[in-house]
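# Topology and contacts: notes
Each chain, letter by letter, is given below.
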Amino acid sequence: MEYNFREIEKKWQQKWVEEKTYKVAEDKSKPKFYVLNMFPYPSGAGLHVGHPLGYIASDIYARYKRLQGFNVLNPMGYDAYGLPAEQYAIQTGQHPEKTTFQNIDRYREQLDKIGFSFDWDREVRTCAPGYYKWTQWAFQKMFGSFFSKSPLPTSPKGEESHPAGKARPIEELIAYFEQKGTEGLDEFGVAQTEELHFTAEEWKAMNEKQQSDVLMNYRIAFMGETMVNWCAGLGTVLANDEVVDGVSVRGGFPVEQKKMRQWCLRVSAYAQRLLDGLETIEWSDSIKETQKNWIGRSEGAEIEFKIASPSAGRLSPSEGNDQEGLESFTIFTTRADTMFGVTFMVLAPESELVEKVTTPEQKAAVEEYIKYVKGRTERERMIDHKVTGVFSGSYAINPFTGEKNPIWISEYVLAGYGTGAIMAVPAHDSRDYAFAKHFNLPIIPLIEGADISEESYDAKEGIVCNSPRADVKPYIDFSLNGLTVKEAIAATKKYVKEAGIGRVKVNYRLRDAIFSRQRYWGEPFPVYYKNGIPTMIPEECLPIELPEVDKFLPTETGEPPLGNATVWAWDEVNKKIVENTKIDNKTVFPIELYTMPGFAGSSAYYLRYMDPHNNEALVSKDADEYWQNVDLYVGGSEHATGHLIYSRFWNKFLFDLGVSCKEEPFQKLINQGMIQGRSNFVYRIKDTNTFVSYDKKDGYDVTPIHVDVNIVSADVLDVEAFKAWRPEYATAEFILNDEGKYICGWAVEKMSKSMFNVVNPDMIVEKFGADTLRLYEMFLGPVEQSKPWDTNGIDGCHRFLKKLWKFMTNEDGTINATDGAASKEELKALHTLIKKVTADIEVFSYNTSIAAFMVCLNELTKLKSTSREVKEALTILLAPFCPHLAEELWHLLGHTTTVCDAPWPAFNEDYMKEDSVKMMVAFNGKARFPLEFPADVSKEEAEKTALADPQSAKWMEGFTVAKVIVVPGKMINVVLKK
RNA sequence: GCGCUUGUGGCGGAAUUGGUAGACGCGCCAGACUUAGGAUCUGGUAUCUCCGAUGUGCAGGUUCGAGUCCUGUCAGGCGCACCA
């Protein structure tokens, strides 16, 4: 009987559903294993063959772990909020929920055909109120928290402290303000937007609104006025990673900088913990490196520079340090060692210092420059790094040399990093160098032997000189000359700190995340505005459900789409949502119109899978303690600086709250590669409707045209199908090659509808079966590598399964197995496979596992093996890869239980032992011939036999033996010399 | 510019601690069975001047022996990018 994959797969997929084969529950008698895929956004296009790649890889691992006796959690769900559904709603008026649910159904249908071991009882959808209740809840908790390095005096005694700081209830900070204002707050390392100063009395004198504003400076979820990426085309704010080259990733609309009121998350407070955590998790170096870059920690110093009065020349020490009335400003540098090489200062154009330092004479020039900078879009600034700037008219005093350095204003200094002001050392910074050359400012080299005639010497290597310079009378009693750069940095930091002119400082590039969007299809904020003060809706009233609107566009007055909702006001007394008409700003107030961004719902979904139906908590203590965190997370590397940062942050916050027992959510991460499309082309001869085969096209003037890959097989075009494909090709004529075939050209491109290269998994499943698809996707190459989809090789995998079926069964479809003992050869072939597959699955080397299956099957077929023992083991080994076929074989072998719970075969070394062993005999490292020895031959014996062999004599002619190296089981190397 | 990563047949890709480079599959060639083959089976398939030599992007080095280790260099992919 033929291998009837359609029947087999249908039968077992039904059985799995009926018997809930993949349902899991906490089971303390078994070790747990948590496998997770990044959940998909259900787009209208459905799944293509690239999507299941990661799912198959993780499913194999999940099934393998289950066979090894683990209690495996392998859930799936949908990241259901998103822009495409909303865009579609705007165009068609269809509610995004409707299209989203349709897409989900389609995804589910496609997923079910591939035979995954997902526990669908645990499915989550980010747009379900029961789910986003906990997204809202977490936001409220962040609103009610601040972050500090160490506990405040007002924190509960004996509180466990985190070395890099943690979130604490905002009430502790309020209590501190009541006692001391902001005095001494510094030493606890409280994360804040800007440094505020007020006394306890001033705090108490503030009204409610003022206090609310102050607290926003510290809350982890806070409201701030920030420069945002405003995309008018989408009517919303975008995150930095949603903008590329000044246009939106989705839609390609221009994006501009705009100051807006926004909800933000203080992700930056967790920068150090996000960095430290990377050391504890098993992620690829490249992803870790990307995150390190993104967090961008740099150690340096903040140093204070006084602003000189215009008349002052080089100042004496007493003048420099004591002049009254002189203002100062602070710069940030990682090169404290270059203090003696500063020749000018630069402020960011946006810096509030600009106004203070601009002299009346320079006012016009500065204003003009600021105007110019404002006119430049982010995009222009990104693409060309023009050297521009203007002199402010003022000077700053170098606290080391006492020299006056002109203060310039230039767009190459960023307001958002460090202090928005720098000291310029043109000799050792390429940007300062370019600026100095352009404006003809002095350049002082500080490193021995550094050639700075053409470019700056940026490396932090070498011996320091000119610090101070020999021709200048020292201003302070301090020299760096003769030290290495590293020593000089340390020495300068020490001096700066002791002299009280600055401090050691660590800066991070990581910015706070903007957490609000002006869209409809997202989680609403559980916030209302009580006389302008953002106020949380009581926790027991969550979730605040997304209201109905009649239009998904912003309102005519430019408010977000929720402005169209008519039932969207909070009744504080009755604790419920009521009609907008009832707003009186006494007991009924307007609710926030913004919604949350895409990453809100995807930041803690892994916790929800542990306990998806719990209405009392995000996750119960029991479930969290049992499942802990994700052992294996599989998904694309494109989320390196988005989801994978946000969810780590989110989890760390929940850890601080005691909700999650693990600080890192994803212990091991595998990034599956992208499956690219393999497009096919036909070649139309210019101005005709004649198409010429790829191998005949030279000599014609042709235009390549994308052709649907589904009517091409092994690069041969189905000519009839092509004529039927498009009306304009109905009359097409062809110049075929010598074999009478039309050969198409091909190229590797992104898999997309517009290139007609989308290959749908359903079609592959229909033609070859899910087991073949699973096998083939894994056989294509390493999971982590990107590769083009090429259907051409799939026959090989399908053939293997057909051969396997033939090997396992008789003509009538019954199992071909006998109970007698297996032969030595059979057991050897089997145990070679067990060893290989077990080792390979552990390291996700599925392609080599599959190769081993093919070799083993060949071997067993040659041996005409009928041993039941061997066939049972083979079936179990196959189960992670081809679950349907394995179930069928397991059933035919007479089992009534599922193969999923069979024990993974144990490897037995004894079967691998050989009677004899072949070793290569080599001369001077060149292998020449094999010699056979008893398996337990000693080194000495092997050496003696090899040298005595007649063939050796031939190679040793004219040489003497210098030494003999015996690698047991492999090689005997005879080292010769003349 | 900085960081990460990858270079092996016609193609996708194998190769524990350095130990017969090219497993396995595709493709191709030959043969068998067939009315037929996009079915099945068997054998072959790195290159060359083919008893022999050369071969893992290139140039060196360490070693009895290097795809693997070291130094330099070139090319592709990805990420960050005026971050002081």
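Since this is a predicted model, take the numbers as computed values, not measurements.

Glancing now at the sheet that holds strand 21 (residues 576-578). Taken in spatial order, the three strands of this open sheet run 21-20-22, and their pairing is antiparallel. Looking at strand neighbours, the two that pair on one side only are strand 21 and strand 22 (588-590), the edges of this open sheet. Here the strands of the sheet are splayed against their neighbours by 35° on average, with no regard to which way each runs. Judged from the three bridges that link them, strand 20 (residues 569-571) and strand 22 form a sheet pairing that is antiparallel. Along strand 22, the bridge assignment pairs tryptophan 570 with phenylalanine 589.

Any space left empty among the atoms is revealed by the rolling of a water-sized probe across them. In the structure shown here, the tally under the stated rule is three cavities of 30 Å³ or more. As for the largest cavity, its lining consists of 14 residues, and the residues nearest its centre are Tyr22, Ala62, Arg63, Arg66 and Ser117. Taken together, the residues that form the lining of the largest cavity break down as nine nonpolar, two polar and three charged. The volume enclosed by the second largest cavity comes to roughly 70 Å³. Surrounding the second largest cavity, 12 residues form its lining, Phe340, Thr401, Pro468, Arg469 and Val472 being those nearest its centre. Tallied by class, residues from the lining of the second largest cavity come to six nonpolar, two polar and four charged.

Further remarks concern the packing of helix 24 (residues 794-808) against helix 28 (residues 883-892). Two elements in contact, helix 24 and helix 28, have axes separated by 12 Å at closest approach and are oriented at 5°. By the angle class used here, helix 24 and helix 28 are roughly parallel. On the side of helix 24, the interface is formed by Leu801, Leu804, Trp805 and Met808, while helix 28 contributes Leu885, Glu888, Leu889 and Leu892. Tallied by class, residues from the contact of helix 24 with helix 28 come to seven nonpolar, no polar and one charged.

Glancing now at the protein's contact with RNA strand B. Taken together, 46 residues are adjacent to RNA strand B, and Thr334, Arg431, Gln785, Arg799 and Asn973 come closest. What you see for RNA strand B is that sugar and phosphate hold 61% of its atoms within 4 Å of the protein. Taking glutamate 289, its side chain carries an N or O atom lying 3.4 Å from a sugar or linking oxygen of RNA strand B. One nitrogen or oxygen atom from the side chain of asparagine 847 is found 3.4 Å from a sugar or linking oxygen belonging to RNA strand B. Secondary structure elements with two or more residues in the surface near RNA strand B: helix 10 (285-295), strand 11 (328-333), helix 24, helix 26 (846-862), strand 35 (960-967) and strand 36 (971-977). Sorting elements by how many residues they give to the surface near RNA strand B places helix 10 first, with six residues.

Looking at chain A, pLDDT values average 89 and 96% of them are 70 or higher. Scored below 50 in pLDDT, residues 320-324 shows eight contacts in the model against residues more than four places distant or in partner chains. Scored as a complex, the prediction yields pTM 0.91 and ipTM 0.94.

What follows is about the sheet that holds strand 36. The strands that make up a sheet pair up through hydrogen bonds in the backbone, lying either parallel or antiparallel. Strand order across the open sheet formed by four strands is 34-33-36-35, with mixed pairing between neighbours. At either end of the open sheet lies a strand with only one pairing partner, and these are strand 34 (926-934) and strand 35. Pairwise comparison of adjacent strand axes, ignoring direction, gives a mean angle of 20° for this sheet. Relative to strand 34, strand 33 (residues 916-923) is paired through eight bridges, and the arrangement is antiparallel. Within strand 34, the position partnered with methionine 919 by the bridge is leucine 931. Across the sheet, helix 29 (residues 939-948) is in contact with strand 33, strand 34, strand 35 and strand 36; its angle to strand 35 comes to roughly 135°.

Where burial is concerned, the two faces of strand 3 (residues 145-148) agree: the one with Ser145 and Phe147 and the one with Phe146 and Ser148 are both buried. Across four bridges, strand 3 lies against strand 4 (residues 166-169) in antiparallel orientation. The partner of phenylalanine 146 across the bridge, within strand 4, is arginine 168.

Next up on the list: the packing of aromatic side chains. Taken as a whole and judged by the stated rule, the model has 69 aromatic pairs. Between phenylalanine 33 and phenylalanine 70 the ring centres are 6.0 Å apart and the planes differ by 75°, which places this aromatic pair in the edge-to-face class. Residue phenylalanine 33 is found in strand 1 (residues 32-37), and its partner phenylalanine 70 is found in the loop between helix 2 (52-67) and strand 2 (71-73); the two are separated by 37 residues along the sequence. Here phenylalanine 33 falls in the buried class, since its relative accessible area comes to 10%.

What counts as what
Residues numbered from 1 in each chain as written. Chains lettered and ligands numbered in written order. Predicted model: local features only at pLDDT ≥ 70, side-chain atom pairs only at ≥ 80, totals over all residues. Heavy atoms only, no water. Pairing = 2+ DSSP bridges. Helix = DSSP H or I, 4+ residues; strand = E, 2+ residues; numbered from the N terminus. Axes fitted to C-alpha atoms, helices over the stretch in contact; angles between N-to-C directions. 1 Å grid on protein atoms, 1.4 Å probe; cavity = no way out; pocket = protein on both sides within 12 Å on 5 of 7 lines; lining within 4 Å. Points joined across faces, edges and corners; volume = space filled by probe spheres on them. Nonpolar A, V, L, I, M, F, W, Y, C, P; charged D, E, K, R; others polar. Parallel < 35°, antiparallel > 145°, perpendicular 65-115°, else oblique. Contact = heavy atoms within 4.5 Å. Near = heavy atom within 4 Å. Polar contact = N/O pair within 3.5 Å; in protein donor to acceptor, adjacent residues only side chain to side chain. pLDDT = per-residue confidence, 0-100. Buried < 20%, exposed > 50% of the residue type's maximum accessible area, 1.4 Å probe, protein only. Phe/Tyr/Trp six-rings, centres within 6.5 Å; stacked < 30°, edge-to-face > 60°.

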